[in-house]
Amino acid sequence: PSPSKLVCYLEFTESHLSVCHAMSYKSALELHGISPDILPDVSDKLLADLGLLAGDAIHLKKGSTTWWNGPDTK
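Residues numbered from 1 in each chain as written. Predicted model: local features only at pLDDT ≥ 70, side-chain atom pairs only at ≥ 80, totals over all residues. Heavy atoms only, no water.

Asks: Hey, could you run me through the overall build of the protein in this one?
Replies: Across its full length, the protein carries four helices and zero strands. Along the protein, from the amino end to the carboxyl end, the secondary structure elements read α-α-α-α. Expressed along its principal axes, the backbone C-alpha trace of the protein runs to roughly 30 × 25 × 20 Å. In the protein, buried positions account for 36% of the 74 residues. Sequence-distant contacts in the protein: of pairs separated by 6 or more residues, those separated by 24 or more amount to 53%. When the accessible surface of the protein is split by element, carbon and sulfur atoms take 59% of a total near 4,300 Å². Of note, the protein has its 6 positive side-chain charges centred 4 Å away from the centre of its 9 negative side-chain charges. (Helix = DSSP H or I, 4+ residues; strand = E, 2+ residues; numbered from the N terminus. Buried < 20%, exposed > 50% of the residue type's maximum accessible area, 1.4 Å probe, protein only. Contact = heavy atoms within 4.5 Å. Areas by Shrake-Rupley, 256 points an atom, 1.4 Å probe, with all protein chains shown as cover. Lys, Arg positive; Asp, Glu negative; His and termini not counted. Charge placed at Lys NZ, Arg CZ, Asp CG, Glu CD.)

This is how it looks when you write it as structure tokens:
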């Protein structure tokens with residue numbers, strides 16, 4: 001997936017999943033090759049090590065599968 005998918009997903013999480021500063025995680029996620037399609041498989045520890053707040057990580061992981069399979073990715 002292109003990095004633009006990550007940006008689109010992070011924007012979606014800010015507006016629909018109450019992740020207030022989702023875009024601040026963009027660089028860390030890109031650096032580690034983490035995109036919305038694999039986010040549920042990434043360990044909570046790694047996400048915490050990347051600086052994600054626990055609640056934000058939960059929102060990002062839970063929402064990614066639905067978003068990835070939905071119309072917003074087309």
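Asks: Sorry if this is basic, but what is going on with unusual backbone geometry here?
Replies: Note: most residues except glycine have negative phi, and most peptide bonds are trans. In the Ramachandran plot, Ser18 falls in the positive-phi region, its phi being about 60 degrees despite a non-glycine side chain. In this structure Ser18 comes out as exposed when scored by relative accessible area, which is 55%.

Asks: Would you mind going over helix H4 (residues 54–68) with me for this structure?
Replies: Residues three or four positions apart in an α-helix share a direction because the helix packs 3.6 residues into each turn. With 15 residues, H4 extends 21 Å from end C-alpha to end C-alpha; this agrees with the ideal 21 Å at 1.5 Å per step. Residues of H4 that are buried include every one of Asp56, Ala57, Leu60, Lys61, Gly63, Ser64 and Trp67, and no others. (Expected span 1.5 Å × (residues − 1).)

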